[in-house]
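Residue-level listing of the chains:
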Amino acid sequence: MPTNSRSKRRSIAILAGLGIKSSEARSWWSIDVAEIDNIQSDDPVFKKSSQLLLEDTYFLYGHGENNNLNTVIPTLPSIEVFPQQQWPNHNASVSPVQAAPTIITSNPVAVAPPVDPPTLSPSMTHQAANGGCPPEHKLHRLWLYDSYGDAEHGDGWGTTTLQIREQLSSDVIFEGTLDAELGAIRYAAANDASMVDGHAKNHDDQQRRLEDTSEDNGVYICLDENACYVGEILGGTFTEECSWELTKVELETGNNVGLVAKGVGGGLGKCEFGLTDSCVHSCDGTVQTNQPTKTPTTLQPSKSPTISPSGEPSESPTRFKTKRPTMPLAPDVLPQDILYGVDELNRVKNILLSASPTSGPALMDPNSPQSEGFAWIYNQRHDLSDEELIQRWVLASFFYGTNGDDWVVKDGWLTSQSECSWYGVSCLNGAVSKLELEQNRLAGFLVPEIALWKKDLYVISLGNDYDAPSEEKNTFVMPLPSVLGELTYLKFLNLEHVGLVSSIPEGFFMSLSHLQSLYLNNNAITGFLPRSIRHLSSIEVLWLGGNNMDGPIISEIGHLTSLKDLSLENNFREDSSGNRGFVAALPSEIGSLTNLEILSLADNALSGQLPLQMGDLISLRQLRLRNNFFENQLPTVLGKLELLEELDISHNWLSSTIPPEYGNMVSLTTLSLESNYRDQNGYFTWGINGELPIEIGKLKNLQHLRINDNYLTGTLISEIGQLFLLETLHLQNNFLQGPIPEVYSNCVMLKEVLLEDNSIDSQFGMPEGICRLPELDLAKVDCSLSCTCCHGC
């Protein structure tokens, strides 16, 4: 910034309603500022005096040597005097705006011209009905001030214009100029000790709002409760030094009771604010540019509260950041520009470390998400309870740890809005209860501090749909975070298809007795099922399919008596890894899962005889066991499963007839027993053999019958013609004999009839009644048979 090389300096006195007196020791003008006793400081660094304010005032510029004790009234540059009628007329119809006139300097004159005060003191404004504002308007106080300098002083150079206008109508609500280019601005006070180097004291916000509630400071303006506004630095010199602040005014006392908007000098730029949540709130004390963002996506601090609790001062930063960039604040490595001071920094740090003592190293690392989250929360609202502060810090750390800047949707995140309104966040009684950010381009890792929510968080859903666009998928190429096992009240955990690797920690499930749904499918998880799985006493849905797990299905699975949906499918890998998925026989304890509705163990390397205890799964609706090595007989006890809708034991090594008891499965819609015949590598099985039981005709709900590629013998039974809902009939590649019953044409829903590669004599053909079925798409018999609708011959 420019320095003043002159031997003489110019001083300023604020005349609007303040007592003015001349100091005998110096030639400077000084001002008595009324002591305010009715507001208690809520700022931990409330210390000295306020900065000179340059709004709604008239200025006298004086010449005098800084150390000249004999100088009397100094010469002053002229100030344009505004006629009295230019001041707002409080007795006339009320305008929404009462703004400061623009100050214009001109050539010096010997004496200061008289200055006319406003026609009505501001105190009568805040005492008037509704502060003298129109209906649906609220009274506010505006400051425009110099915000640059070192830790204690502003330098007062430059001319800058601030304009506040209504967003939709573009009506100008206020326009004022910071004009001090003729000399350095001083903080003028009755106490000479505050006059330092002829500069204005650099001002802390909270102190200004405490000391400047005197009736004659600040511009009173009326804001529409339903309108949105724009604050913009329009031009001038050293525009980065002009800052402004807008607070609510308590009508009875004139006290400032809540910070509404704040702009910090950063050159030409604008921000938006309003009195309702429907407005964008970007006038939050961060440096504004010509391209302000509506939702912060970087490490810059975000919004301050738009309304503070009634009757209480709003806790806001006590210093303004000006030209220095924001730094992550490690607790013991402080940036040069500390916004709130060391005491406040230590207070926040101690709160966080008291809640999470193990976070100390991460807080010391300026590149960690926890440190970035600390920097953000430290620069934000300080009217929060300890619990709210901790909660917002954990969320901010989660945001940085998962590359929040690149999320698809991040509405509300890292703003002054309640964290309970941030996208994907839900709260119960003010505490975070749900995190639902599926396929939102999260990447990185989950910070361990989420364990602080172990008594409140019950839903974490960060997975991807299988067909989600790749550019939107969440990606966590990491082991399953052990911290999730500490969330004792967790009920729902979804991390499907996100890239998890490594094995599930052995004790992971020990504290998750409330967990009801666990989706870890379609990752790259390895290893065995941990025996701590027995602690999932409330689990209803357990999906671990589509991974690289192996080992047996352990007997502890029988403890999960609340289980309704168990999916361990597709862990077999036909690649160089040699992974065979789950192996060995099913434990008999699986029969304890009497609430089980879906059991999917397909595509593994399970073997042995199906346990008889499976007949106890009386709630079962879907049983999928395809592509394993199950052997020997089909258990007749499966016929007890009257609710079963899907039975798939295809592509195994069975050697069994179809028990007639299976005719009791009256809810069955799909029966898939294909491809159980094996004759390879010296190992032979007969597959499904013998004759088709006539009890199949009792399966009135059957839609899909697939028993192809087996060793069925005997004739095609006519009872199949009683399956009026049948759509698929696959009996090819067996040893069945004809004729093909004409009654199959009663299956009016048939779409596919495949009967080739059997032992049907050539004298028998496909009945024309079947060929005329309206839904038929595919029909096949051996080429030696006549067929007018068949394909392939």
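Residues numbered from 1 in each chain as written. Predicted model: local features only at pLDDT ≥ 70, side-chain atom pairs only at ≥ 80, totals over all residues. Heavy atoms only, no water.

## Some thoughts on the overall build of the chain
Each helix and strand counted, the chain has seven helices and 42 strands in total. Put simply, the chain has 793 residues, and 55% of those count as buried. Across the chain, contacts joining residues at least 24 apart in sequence account for 67% of those joining residues at least 6 apart. Accessible surface, the chain: about 31,800 Å² in total, of which carbon and sulfur atoms supply 48%. (Helix = DSSP H or I, 4+ residues; strand = E, 2+ residues; numbered from the N terminus. Buried < 20%, exposed > 50% of the residue type's maximum accessible area, 1.4 Å probe, protein only. Contact = heavy atoms within 4.5 Å. Areas by Shrake-Rupley, 256 points an atom, 1.4 Å probe, with all protein chains shown as cover.)

## Description of the sheet that holds strand β33 (residues 653-656)
In a beta sheet, neighbouring strands are held together by backbone hydrogen bonds and run either parallel or antiparallel to one another. Taken together, the seven strands give an open sheet; going across it, the order is β25-β27-β29-β31-β33-β37-β39, and neighbouring strands pair in parallel fashion. Of all the strands in the sheet, just β25 (551-552) and β39 (711-713) have a single pairing partner and so form its edges. Alignment of β33 against strand β37 (residues 687-691), held across two bridges, turns out to be parallel. Bridge pairing links S655 to G687 in β37. (Pairing = 2+ DSSP bridges.)

## Some words on the state of the cysteines
In protein structure, a disulfide is the covalent linkage between the sulfur atoms of two cysteines. The full count for this structure, using the stated rule, is six disulfides. Disulfide pairing is shown between C133 and C222; the S-S distance is 2.1 Å. Judged by the sign of its S-S torsion, about -80°, the bond between C133 and C222 is left-handed. Taken together, the positions of C133 in the loop between α1 (122-127) and β7 (137-146) and C222 in strand β10 (residues 219-224) put the pair 89 residues apart, joining distant regions of the chain. For C222, a relative accessible area of 1% gives the class buried. The disulfide that involves C787 links it to C790, with 1.9 Å between the sulfurs. Across the disulfide from C787 to C790, rotation about the S-S bond amounts to roughly 85°, and the bridge is consequently right-handed. What makes C790 partly exposed here is its relative accessible area of 22%. (Disulfide = S-S within 2.5 Å.)

## Digging into the sheet that holds strand β22 (residues 524-527)
Taken in spatial order, the three strands line up as β20-β22-β24 in an open sheet, and their pairing is parallel. In this open sheet, the two edge strands, each paired with only one partner strand, are β20 (501-503) and β24 (548-549).

## Observations regarding the side chain of H730
If you trace the backbone, H730 turns up in strand β40 (residues 728-730). Looking at H730, its side chain comes within polar contact range of the side chain of E752, at 2.7 Å. With residues up to four places along the chain from it excluded, the contact list for H730 reads L705, R706, I707, N708, E752 and L754. (Polar contact = N/O pair within 3.5 Å; in protein donor to acceptor, adjacent residues only side chain to side chain.)

## Topic: the pairing of β33
Strand direction decides the pairing type here: strand β31 (residues 629-632) and β33, joined by two bridges, are parallel. When the sheet's bridge partners are listed, E631 is paired in β33 with W653.

## Let's talk about the packing of aromatic side chains
Counted under the stated rule, the structure contains 19 aromatic pairs. With a centroid separation of 5.0 Å and 75° between ring planes, the pair formed by Y519 and W543 is classed as edge-to-face. Separated by 24 residues along the polypeptide, Y519 in strand β21 (residues 517-519) and W543 in strand β23 (residues 541-543) bring together distant segments of the chain. Of the residues examined, Y519 reaches a relative accessible area of 16% and is grouped as buried. For W543, a relative accessible area of 27% gives the class partly exposed. With centroids separated by 5.7 Å and ring planes inclined at 20°, the aromatic side chains of Y677 and Y711 adopt a geometry described as stacked. Taken together, the residues Y677 in the loop between β34 (670-672) and β35 (678-680) and Y711 in strand β39 connect sequence positions 34 residues apart. Between K491 and the ring centre of Y458, over which it is positioned, the NZ or CZ distance is 6.0 Å. Here the guanidinium or amino end of R678 rests over the ring plane of W653, the centre of that ring lying 5.5 Å away. (Phe/Tyr/Trp six-rings, centres within 6.5 Å; stacked < 30°, edge-to-face > 60°. Lys NZ or Arg CZ within 6 Å of the ring centre and 35° of its normal.)

## Looking at the packing of helix α5 (residues 369-378) against helix α6 (residues 386-401)
Any two packed helices are characterised by how steeply their axes cross, that is the angle between the axes, and by the distance between the axes. Look at α5 against α6: their axes get within 8 Å of each other, and the N-to-C directions meet at 130°. Between α5 and α6, the angle falls in the class oblique. The two elements α5 and α6 meet at a crossing, and its hand is right-handed. Along its contact with α5, which presents P369, Q370, E372, G373, F374, W376 and I377, the element α6 presents L389, R392, W393, A396, S397, Y400 and G401. Here the residues of the contact of α5 with α6 sort into eight nonpolar, four polar and two charged. (Axes fitted to C-alpha atoms, helices over the stretch in contact; angles between N-to-C directions. Parallel < 35°, antiparallel > 145°, perpendicular 65-115°, else oblique. Left-handed = near helix turned anticlockwise from the far one by under 90°. Nonpolar A, V, L, I, M, F, W, Y, C, P; charged D, E, K, R; others polar.)

## Observations concerning helix α3 (residues 342-355)
Here α3 contains 14 residues, and its C-alpha end-to-end distance of 20 Å stays within 8% of the 20 Å for a straight helix at 1.5 Å per residue. Turning to α3, its buried residues are E344, L345, V348, K349, I351 and L352. For α3, the buried positions fall inside an angular range of 155° around the axis, keeping them on one side. Those residues of α3 that are buried lie in contact with α5 and α6. (Expected span 1.5 Å × (residues − 1). Arc of directions from axis to C-beta.)

## Structural notes on a nonpolar patch on the surface
Taken together, the side chains of Y677, F684 and W686 make up a nonpolar region of the molecular surface, amounting to roughly 280 Å² of accessible area. Note on placement: F684 falls in strand β36 (residues 683-685). Overall, F684 belongs to the partly exposed group, its relative accessible area being 36%. (Patch = residues over 30% accessible without salt bridge, like charges linked within 9 Å, V, L, I, M, F, W, Y side chains within 5 Å. Salt bridge = Lys/Arg side-chain N within 4 Å of Asp/Glu carboxyl O.)

## Looking at the environment of H497
Residue placement: H497 occurs in the loop between β19 (492-494) and β20. With residues up to four places along the chain from it excluded, the contact list for H497 reads N464, Y466, K473, N474, N521, N522 and N523.

## Comments concerning the environment of L493
In this structure, L493 sits in strand β19. Considered as a pair, L493 and Q516 are 23 residues apart in the sequence and their alpha carbons are 8.5 Å apart. Not counting residues within four places of it along the chain, the set of residues in contact with L493 comprises I460, L484, L515, S517, L518 and Y519.

## Comments concerning the confidence of the model for the chain
The predicted model of the chain averages 74 in pLDDT, with 67% of residues at 70 or higher. The low-confidence segment residues 1-123 (pLDDT under 50) makes 282 contacts with residues lying over four places distant or belonging to another chain. Below pLDDT 50 for its whole length, residues 179-217 participates in 175 contacts with residues either more than four positions away or in separate chains. (pLDDT = per-residue confidence, 0-100.)

## What about the pattern of salt bridges?
Using the criterion set out here, one finds nine salt bridges in the structure. Ionic pairing is found between R392 and E419, a salt bridge with its closest N-O pair at 2.8 Å. With R392 in helix α6 and E419 in the loop between α6 and β16 (425-428), this residue pair connects regions lying 27 residues apart in the sequence. Among the residues examined, R392 registers a relative accessible area of 1% and is labelled buried. The class for E419 is buried, based on a relative accessible area of 5%. Here E556 ties to R531 by a salt bridge, and the two come within 2.7 Å at their closest N and O atoms. With E556 in the loop between β25 and β26 (565-567) and R531 in the loop between β22 and β23, this pair connects stretches of sequence that are 25 residues apart. For E556, a relative accessible area of 12% gives the class buried.

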